[in-house]
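Given next are the chains, with one letter for each unit.
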Amino acid sequence: MIFLFFYSSKMSARRRLKRVAASQPGFLTLKSSLDSTDLVASRRKRVNKNKKKNWNKYSDINDVEEFLEDVRLQERTTGGLLSEKTDDSLFFVDLGQPEKPEPKAEAAHHDEGKKRKGKASRPLRIDLILQRDSLVPPPKDILAYQQPNAKKLRRIAQNAERLAAKGVVPRRQKQLLSRRPVDRTAKKAETNNNPDRHYYNIWGQEPKASADPWYLQQTGKKLVKRPEKLNQKPSVLPAVEVIAPGGSYNPDFFSHQALLQEAHEVEVQKKKQEDKLERQLAVNKEDKATEETNLYEQVEGLVEEDENDEEVAPSKEDDEAALAAIAVTQKKTERQIKKEKAEKLKEQQRLTNRRQTEQQQQLFQLRSIKASIRQQEQKTKSKQIQRKSKQEAQKAQPRRLGKLKFQAPDLDVQLSDELAGSLRQLKPEGSILKDRFKSLQKRNLIEPRERAKFKRKLKVKYVEKRAFKEIT
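Analysis parameters
Residues numbered from 1 in each chain as written. Predicted model: local features only at pLDDT ≥ 70, side-chain atom pairs only at ≥ 80, totals over all residues. Heavy atoms only, no water. Helix = DSSP H or I, 4+ residues; strand = E, 2+ residues; numbered from the N terminus. Buried < 20%, exposed > 50% of the residue type's maximum accessible area, 1.4 Å probe, protein only. Patch = residues over 30% accessible without salt bridge, like charges linked within 9 Å, V, L, I, M, F, W, Y side chains within 5 Å. Areas by Shrake-Rupley, 256 points an atom, 1.4 Å probe, with all protein chains shown as cover. Salt bridge = Lys/Arg side-chain N within 4 Å of Asp/Glu carboxyl O. Lys, Arg positive; Asp, Glu negative; His and termini not counted. Charge placed at Lys NZ, Arg CZ, Asp CG, Glu CD. pLDDT = per-residue confidence, 0-100. Contact = heavy atoms within 4.5 Å.

Not every positive phi belongs to a glycine, and asparagine 149 is a case in point at roughly 60°. In this structure, asparagine 149 sits in the loop between helix 8 (142-145) and helix 9 (150-166). Asparagine 149 gets classed as exposed once you look at its relative accessible area, which sits at 55%. A positive phi angle, close to 65°, is found at asparagine 444, a residue other than glycine. Relative to the helices and strands, asparagine 444 is located in the loop between helix 17 (432-442) and helix 18 (466-471).

The structure is reproduced here in structure tokens:
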């Protein structure tokens, strides 16, 4: 309410000043006549200013914008506000043009040449337009003064200064000091005046690496040794495998039959795998429930068992175990302990004598032992050969790179009645894209994959329309 009162009083004072100024003699208005309609139109609309949506819509800020524009103009033209400038920078005393002495003929001719040269060296109008005419300095580029990791580098430098003040040598400097010094007493190069020196071609051979290997490793000039395994191919198979001769559009009879036999064997193996899976998943007839087992399950729990069952008599083995437990609990006498020690010594002596006799007998079995060793070596050699051959065979087979196994593609083969006599009648078989994809999997370049299954997140809702209901 206080704000509304102040605003209304301010508007009424302004209108009063306007009427007083218009009533004064010699005051010229913008319009020749003031009609009632003009007064109504010029009258400001009363708006509730306590609502935020009306602030920008009905607020008059032209005077503020004019003041700010005037300030910006002064900064562009004079480099600051005129009120803050000194009189010497704003005003000067005009004393007129100074009188120049009349030049001589030669001097005048020389001055004309200078003027011509000056006219030629005057900048073009287009260059003057492109020059900056504002005295406001450009904003400071903060990014030009920024340094990456400045805080970290400053902290490292401060830490190094603190350690140097304490006399602590950093680890990197210790390594440099502990390095073996380079032998500077090398032989001086022979001068060019020696005719017996050997010929050296600077472009023909590489210079010898005479620098310290640790220095080369730290400076990055020494390349990392590439592992030998990276030079090996993941598979020995060719990128493009040529199909058998029986797969031609006009093959030979025997080659075509051989290809059909190969395709037949593949299908037989598939059928065997399916039959094996069916046998494993088949239900055993003996495990099936019969009428008798069903009846027994239904009656179970209804018939009570006899409570007066006969007690089981203890067996002979239980009695012996109990006697042995009683004997163990009894304390042994000194005589029994001596007897047990003597029996242990006799047993050890018997084992040592037996071991000695076995070693003496082995002297007479040297030939048989040599023969057995030779036979064992032959077995190990044969196993090594088999292992190497198996490894070589595995190089041509796809490895297990993922959770899925590699599935070989079907053979593209045509039956005898499907063979075409010419290329025009030939029907295309297979897909080049699938063939390349399977080839990458077979050569261990990518893992076997399968097409992603589409899973609908939201259920499909079927709605019967009104027009269809009317028909049905």
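Right, let's get into a positive patch on the surface. A cluster of basic residues, Lys45, Lys51, Lys53 and Lys57, forms a positive patch at the surface. Examined against the element boundaries, lysine 45 turns out to sit in the loop between helix 2 (36-42) and helix 3 (55-58).

With that settled, consider the confidence of the model for the protein. Averaged over every residue, the pLDDT of the protein is 78; the share at 70 or more is 73%. Between residues 307-312, whose pLDDT stays under 50, and residues either more than four places distant or in other chains, the model counts zero contacts.

Taken as a whole, this structure holds 11 salt bridges when the rule is applied. Among the ionic pairs, lysine 270 bridges to aspartate 410, the shortest N-O distance being 3.0 Å. One end of the pair, lysine 270, is in helix 12 (residues 253-281); the other, aspartate 410, is in the loop between helix 16 (366-395) and helix 17, and 140 residues separate them in sequence. Here lysine 270 falls in the partly exposed class, since its relative accessible area comes to 36%. With relative accessibility at 55%, the residue aspartate 410 sits in the exposed group. When the shortest N-O distance is used, the salt bridge between glutamate 447 and arginine 449 registers 3.1 Å.

A cluster of nonpolar side chains, Ile61, Val64, Phe67 and Leu68, forms an exposed patch at the surface whose accessible area comes to about 380 Å². Note on placement: valine 64 falls in helix 4 (residues 62-78). Of the residues examined, valine 64 reaches a relative accessible area of 45% and is grouped as partly exposed.

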